[in-house]
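Coordinate inspection notes
Chain residues, written in single-letter form:
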Amino acid sequence: DKAGHKHFMAKEITEQPAVIGDALGHYLSADGRDVILPGGDGLDFTQIDRMTMVACGTAYYACLTAKYWFEQLARLPVEVDIASEFRYREPPIPPRGVALFVSQSGETADTLAALRYCAGKAERIVSVVNVDESSIARESDLALPIHAGVEIGVASTKAFTCQLTVLLLLAIKAAKARGTLSEDAVADLLSKLRGLPATINIALEMDDDFKKAARRLAEADNALFLGRGLMYPLALEGALKLKEISYIHAEAYASGELKHGPIALIDKRMPVVVMAPRDALFDKTVSNMQEVMARDGKVILITDRRGAEAADGGIWRLLTLPEVDPVLSPILYAIPAQLLAYHTAVAKGTDVDQPRNLAKSVTVE
Ligand code: F6R
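Residues numbered from 1 in each chain as written. Predicted model: local features only at pLDDT ≥ 70, side-chain atom pairs only at ≥ 80, totals over all residues. Heavy atoms only, no water.

Rules: UniProt positions are given in the numbering used here, feature names are shortened, and annotations may be inferred rather than shown by experiment.
By the naming in an unreviewed UniProt entry, the protein chain is Glutamine--fructose-6-phosphate aminotransferase [isomerizing], taken from Roseovarius litoreus. What UniProt states about the protein chain under its Catalytic activity (unreviewed entry) heading is, verbatim, "D-fructose 6-phosphate + L-glutamine = D-glucosamine 6-phosphate + L-glutamate". The annotation that UniProt attaches to the protein chain under Function (unreviewed entry) is "Catalyzes the first step in hexosamine metabolism, converting fructose-6P into glucosamine-6P using glutamine as a nitrogen source."

This is the structure in structure tokens:
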């Protein structure tokens, strides 16, 4: 049932405020000042020296985002890898380490194999899953459900933002346990998280703006996505969404990598989607944007009000999101990444829910 939407993907995108709210409800303590994991306090972050996160596709980008959170908030070193690389590289698993696997379906063959490789080697096997009864959930010491509900669109949307939500909660819990965030700082972040579904609703109401930008994007053969810090994994996710459902060739780079190669691609036919809230790295991103515009590249800037004010003229399309604490920005900026891809695919007339050559669950290598 598409609940009046043209595609399951559109339905699932609009469900995000509700399912993120639901996930928060499952993990927050009654007073809202603490994160409670299912099955009690089985994960002692004071006894852990490092974390290894493994996944595929969109779930891998959720891990890349979480690396920033665990390192910055909890000062916990994190290594992230693609499951198909990790499993065959047979990396050493250091003691006092948690191995964490993220998977919507819980059945992805490479992720499951990577989990089995770590079993008996890592201190704890933790998974972040949408399907509670899945193989990955069953074979973990601790399975953390994301409460996104059934996801039917092949391109992952609400599962991604719910994965991010649960991973951020876990990072905040780790930070509290390790004493790198004060109790008040934790309560403040959690209260901002509770306000996030309402902020996402505001972004969803900008649907028409994304549609207009997408109409132009649909004319392109290639697109580049740029982001720094927490926005770099989001740029990767935006490029993946676009290629999956619109079949436009898209690549993402950390903004700082632009002049190390990809700038050679910039000409007047190259749209460049820049994801940049006005955070500590904003000015650096503006200078990357100017390099793009000086070569006639078409910049689509996704930012907030202060970013829009600070960005110079010459921007092709400006999309202004509500402001959020920079820590939460990846969850909010997932919305424009999804809606740009969605409307581009609709404009091109591709099969949004069943893109060619793709399966929802990849249970073979
Ligand atoms: C992208 C997408 C895929 C999956 C990947 C992992 O939109 O859906 O990249 O994210 O195949 O799948 P799960 O999360 O089921 O392990």
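Structural notes on the sheet that holds strand β8 (residues 271–275)
Formally: Whether two strands pair depends on DSSP finding at least two bridges between them. To qualify as a helix, a DSSP run of H or I must reach at least 4 residues; to qualify as a strand, a run of E must reach at least 2; elements of each kind are numbered from the N terminus. Every angle, taken between N-to-C directions, lies between 0 and 180 degrees, and every axis is a line fitted to C-alpha atoms, over only the stretch in contact when it is a helix.
Pairing is parallel in the open sheet, where five strands are placed in the order β7-β6-β8-β9-β10. In this open sheet, the two strands that pair with only one neighbour each are β7 (249–254) and β10 (317–321). Taking each pair of neighbouring strands and ignoring which way they run, the sheet shows an average axis angle of 20°. Bridging between strand β6 (residues 222–227) and β7 involves six bridges; their strand directions are parallel. Following the sheet pairing, glycine 227 is matched in β7 by alanine 254.

Some thoughts on the nonpolar core
Heads up, the rule is: We define a nonpolar core as any set of buried Ala, Val, Leu, Ile, Met, Phe, Trp, Tyr and Cys residues linked to one another through side-chain atoms lying within 4.5 Å. Summary of the burial criterion: residues with accessible area below 20% of their type's maximum are buried, those above 50% are exposed, and those between are partly exposed, where the area comes from a 1.4 Å probe applied to protein chains only. Here a residue-residue contact requires only that any non-hydrogen atoms of the pair lie within 4.5 Å.
Ranked by internal contacts, the top residues of the largest apolar core, which has 101 residues, are Trp69, Phe70, Leu73, Leu100 and Leu193. Not counting chain neighbours up to four residues away, the residues in contact with tryptophan 69 comprise Ala74, Leu164, Leu167, Leu168, Ala171, Leu230, Val327, Pro330 and Ile331. Membership of the second largest hydrophobic core comes to 17 residues, among which are Leu226, Ile266, Val272 and Phe282.

What about the layout of surface pockets?
Counted only if it meets this: Put plainly, a pocket is an open set of points on a 1 Å grid over the protein atoms alone with protein on both sides within 12 Å along at least five of seven lines, a cavity is a set where a 1.4 Å probe fits but cannot get out, and a lining residue has an atom within 4 Å of a point. Grid points are joined across faces, edges and corners, and a volume is the space filled by probe spheres set on the points. Gly falls in the polar group here, along with every residue not listed as nonpolar (Ala, Val, Leu, Ile, Met, Phe, Trp, Tyr, Cys, Pro) or charged (Asp, Glu, Lys, Arg).
Within this model, the largest pocket holds a volume of roughly 570 Å³. Lining the largest pocket are 29 residues; nearest its centre among them are Cys56, Gly57, Thr58, Lys360 and Val362. For the lining of the largest pocket, the secondary-structure elements that each account for two or more residues are α3 (57–74), β3 (97–103), α5 (109–118) and α10 (231–246). Looking at which element gives the most residues to the lining of the largest pocket, the answer is α3, with five residues. Here the lining of the largest pocket is composed, by residue class, of 14 nonpolar, ten polar and five charged. The volume enclosed by the second largest pocket comes to roughly 260 Å³. In terms of residue class, the lining of the second largest pocket is built from five nonpolar, one polar and seven charged.

Quick notes on empty space enclosed by the protein
For the structure shown, the criterion picks out one cavity of 30 Å³ or more. Its volume calculated, the largest cavity comes out at about 40 Å³. In terms of lining, the largest cavity is formed by Arg228, Met231, Met275, Ala276, Pro277, Asp279, Leu281, Phe282 and Thr285. When its residues are assigned to classes, the lining of the largest cavity shows six nonpolar, one polar and two charged.

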